[in-house]
Amino acid sequence: MRVCATIEVGAPPAAVWELITDPSRYLHFMAGVTRWEVADDSAPGLGARYRMLMRVGSAEVGGLIEVVEFDEDCDLAWTSVTGIDQRGRWRLRALDSGRTHVELRLAYGVAGSGILGWLAEQVGAPTVRGHLRRSLQQLKRQVEHEQLRRQAAERRAQREVSAAGPSPAGGASDRS
Amino acid sequence: MIDAVSATATSRNGHSTNPVGDGRLQRDERTVIQSLAGLPGRFARGLADQAMQRVPPADLDERDPDYIREALPGMWLLSSLWFRGEVRGLGNIPEEGPVLLVGNHSGGNLSPDTTVFTLAFSAYFGVERRFYQLAHNLVLSMPGLGFLRRFGTVAASPANAEKALRSGAAVLVYPGGDHEVHRPSWQGGRVDFAGRKGFLRLALEHDVPIVPVVSIGGQETALFLSRGESLSKLLGLDRMLRLKVLPISLALPWGVNVGDFLGHLPLPAKITIEALPPIRLRDEFGPEPDVDEAYDHVIRMMQETLDALAAERRLPVIG
């Protein structure tokens, strides 16, 4: 079963990329995810492994995953090593005026589980789709909020610089 | 479904080591069985034969991770749609190493607790983590239930429990066993191990943590009326099958259900399970823990949790 959710974020791809490559922040924006931890000491990138779980119905499903594609500011894909079969992908595409089209895909299932497996995939799909949709909404809020703060901080810094004016050397640093 | 008994119930060591002489025992059984007329008699005799002849050996290798993995979606459907299962506190279970999971047991012979918990445990830790459940010999002897061995169900005995723990596995035991699983529905909110403390000796002997696993809802899958202990004694089932109970309930599709040997269609009661923080007996009770004190502690912890879970429920079955 493959589910997908998309959203448009008012920030450049680099800002979104920063969030989705930081495993310590997944629990803050991924809905339904109860665990997302680094499985070994490797840095984020190709081959990094994480242990993730998502609550669907009466169980927390997931397992060990490995990053198999790491194309900066563009694509991040993973596949399962243990647990249910899954393949996920973040797909970031730059839009005009510094915005980003974000797509989150998740294909999942249990090979060999037959008709009951197929049925379980169908039954679980609305929940998974809902998790993905809410995750993207939370991601958008966080990224845009950070973007806003970053811009505000830049404006503040500019104001401080202009308020200090072309004063004698050392004036600005005295104020701070 | 899984009806485990106290793992080290030394007074109930199984048929071959029954303190009564084998010859006398067989004569008694024959007399009792012959006194049963008609179909019930034949059925009881069949069960006795099954239990006596087909007690499966505890081969830990019979657990099949691939089989479990492929069965998980079906279990997930049953657990999510029918029982609306909710399992909390799995993070309390140590990530690795042997651990003794001690549960209260509910729901008759088709206990939904075990299905819901096995699914949750296997999904959470992965099927690669060794996980065994101790079950009554009779459950594993029942025709058609052989698949349970592939899930890691082994016959309850001190030797099997020891073997499983030594392999580094998580082992689930229900000390209350048949006594607790058939308690009347109105006692659904009570943890009742019938004073069986074998699990504590097991944990001490192997120095493994105990994780209490408390569940609620199983006793609402039918209207359990009585354990039928007197009836079981009268029919000699306690000696023949190690069954101290012959439960009587109102259950689908039978109406009045005596024995629950064929199981029943469980009502879709909401099952909530909570795993508590691990209890390391020697850390909490010193190098030589008092078994009675530890038993009281475990029961108290579980009862308090069960009370809290019961307080959350607004309506029977619906949850």
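The structure we're discussing is the one just above.
Residues numbered from 1 in each chain as written. Chains lettered and ligands numbered in written order. Predicted model: local features only at pLDDT ≥ 70, side-chain atom pairs only at ≥ 80, totals over all residues.

Q: Please provide a residue-by-residue account of the overall build of chain B, values included.
A: Along its length, chain B carries twelve helices and ten strands. Here chain B, with 319 residues, has 49% of them falling under the buried criterion. Summarising the internal contacts of chain B: among those between residues at least 6 apart in sequence, 79% fall at separations of at least 24. (Helix = DSSP H or I, 4+ residues; strand = E, 2+ residues; numbered from the N terminus. Buried ≥ 20, exposed ≤ 12 C-beta atoms within 10 Å, placed from the backbone. Contact = placed C-beta atoms within 7 Å.)

Q: Tell me what's going on with the packing of helix H1 (residues 13-20) of chain A against helix H3 (residues 114-164) of chain A, and back it up with residues and numbers.
A: Residue and element names in this part refer to chain A. Relative to each other, H1 and H3 sit at 120 degrees, their axes nearing to 10 Å. With respect to H3, the element H1 is oriented oblique. Crossing hand, H1 versus H3: right-handed. On H3, the residues that touch Ala15, Val16 and Leu19 of H1 are Leu139, Gln142, Val143, Glu146 and Gln147. When grouped by side-chain class, the residues that make up the contact of H1 with H3 number five nonpolar, two polar and one charged. (Axes fitted to C-alpha atoms, helices over the stretch in contact; angles between N-to-C directions. Parallel < 35°, antiparallel > 145°, perpendicular 65-115°, else oblique. Left-handed = near helix turned anticlockwise from the far one by under 90°. Nonpolar A, V, L, I, M, F, W, Y, C, P; charged D, E, K, R; others polar.)

Q: An account of the sheet that holds strand E7 (residues 100-109) of chain A is requested, with residue identities and associated values reported.
A: Residues and elements named next belong to chain A. Spatially, the seven strands line up as an open sheet ordered E1-E7-E6-E5-E4-E3-E2, and their pairing is antiparallel. Looking at the sheet topology across the chains shown, the edges are occupied by strand E1 (2-9) and strand E2 (33-38). Across the sheet, the mean angle separating the axes of adjacent strands is 20 degrees when strand polarity is ignored. Strands E1, strand E5 (75-80), strand E6 (85-94) and E7 of the sheet are contacted by H1, whose axis makes an angle of about 155 degrees with E6. (Pairing = 2+ DSSP bridges.)

Q: I'd like a description of the nonpolar core, backed by residues and values.
A: Of all hydrophobic cores here, the largest spans 104 residues; its most connected members are B:Leu100, B:Leu101, B:Ala120 and B:Val171. At eight residues, the largest contribution of residues to this core is made by helix H4 (residues 112-125) of chain B. Discounting chain neighbours no more than four positions away, the residues touching B:Ala120 are A:Ser58, A:Ala59, B:Val87 and B:Leu90. (Core = buried A, V, L, I, M, F, W, Y, C linked by C-beta atoms within 7 Å.)

Q: Tell me about helix H12 (residues 291-312) of chain B, and name the residues and values.
A: All names here are of chain B. Between its terminal C-alpha atoms H12 stretches 32 Å, which fits the 32 Å expected from 22 residues at 1.5 Å a residue. Restricting attention to buried positions, one finds in H12 the residues Ala294, Val298, Met302, Thr305, Leu306 and Leu309. Down the axis of H12, the buried side of the element spans an arc of 100 degrees, and every buried residue falls inside it. Structural note: H12 exposes Asp292, Asp296, Arg300, Ala308 and Ala311 on the side pointing more than 90 degrees away from its buried face. Packed against the buried residues of H12 are strand E2 (99-103), helix H8 (198-206), strand E6 (210-216), strand E10 (272-275) and helix H11 (281-285). (Expected span 1.5 Å × (residues − 1). Arc of directions from axis to C-beta.)

Q: Describe the packing of H3(A) against helix H3 (residues 65-82) of chain B, with residues and values.
A: Packed helices, taken two at a time, are described by their axes: the angle between them and the distance between them. Following both chains from N to C, one finds H3(A) and H3(B) inclined at 45 degrees, their axes separated by 8 Å at the closest point. One finds that H3(A) runs oblique with respect to H3(B). In the packing of H3(A) onto H3(B), the handedness of the crossing is left-handed. Contact with H3(A), carried on its side by A:Leu116, A:Gly117, A:Leu119, A:Ala120 and A:Val123, involves B:Pro73, B:Gly74, B:Trp76, B:Leu77 and B:Leu81 of H3(B) and no other residues of that element. Here the contact of H3(A) with H3(B) is composed, by residue class, of eight nonpolar, two polar and no charged.

Q: I'd like a rundown of the environment of A:Arg105, residues and numbers included.
A: Residue and element names in this part refer to chain A. Tracing the backbone through its elements, the reader meets Arg105 in strand E7. Separated by 101 residues in the primary sequence, Arg105 and Cys4 have C-alpha atoms spaced 4.4 Å apart. What Arg105 contacts, discounting residues up to four positions off in sequence, is Arg2, Cys4, Gly88, Arg89 and Arg91.

Q: Describe the interface of chain A and chain B, with residues and values.
A: The interface is formed by 17 residues belonging to chain A together with 21 residues belonging to chain B. Taken together, the elements giving at least two residues each to the side of chain A that touches chain B come down to strand E4 (59-71) and H3 of chain A. By residue number, the principal contributor to the side of chain A that touches chain B is H3(A), which donates five residues. Residue classes in the side of chain A that touches chain B are distributed as eight nonpolar, eight polar and one charged.

Q: Could you give me a rundown of the sheet that holds strand E7 (residues 223-226) of chain B, with the residues and numbers involved?
A: Residue and element names in this part refer to chain B. On the basis of which strands lie adjacent, the open sheet formed by three strands has the order E7-E8-E9 and antiparallel pairing. Both outer strands of the open sheet, E7 and strand E9 (255-258), are each paired with one neighbouring strand and no more. Ignoring which end each strand starts from, the neighbouring axes of this sheet average 30 degrees apart. Bridge count for strand E8 (residues 248-251) against E9 is four bridges, and the pairing is antiparallel. Paired with Leu250 across the two strands is Val256, which belongs to E9.

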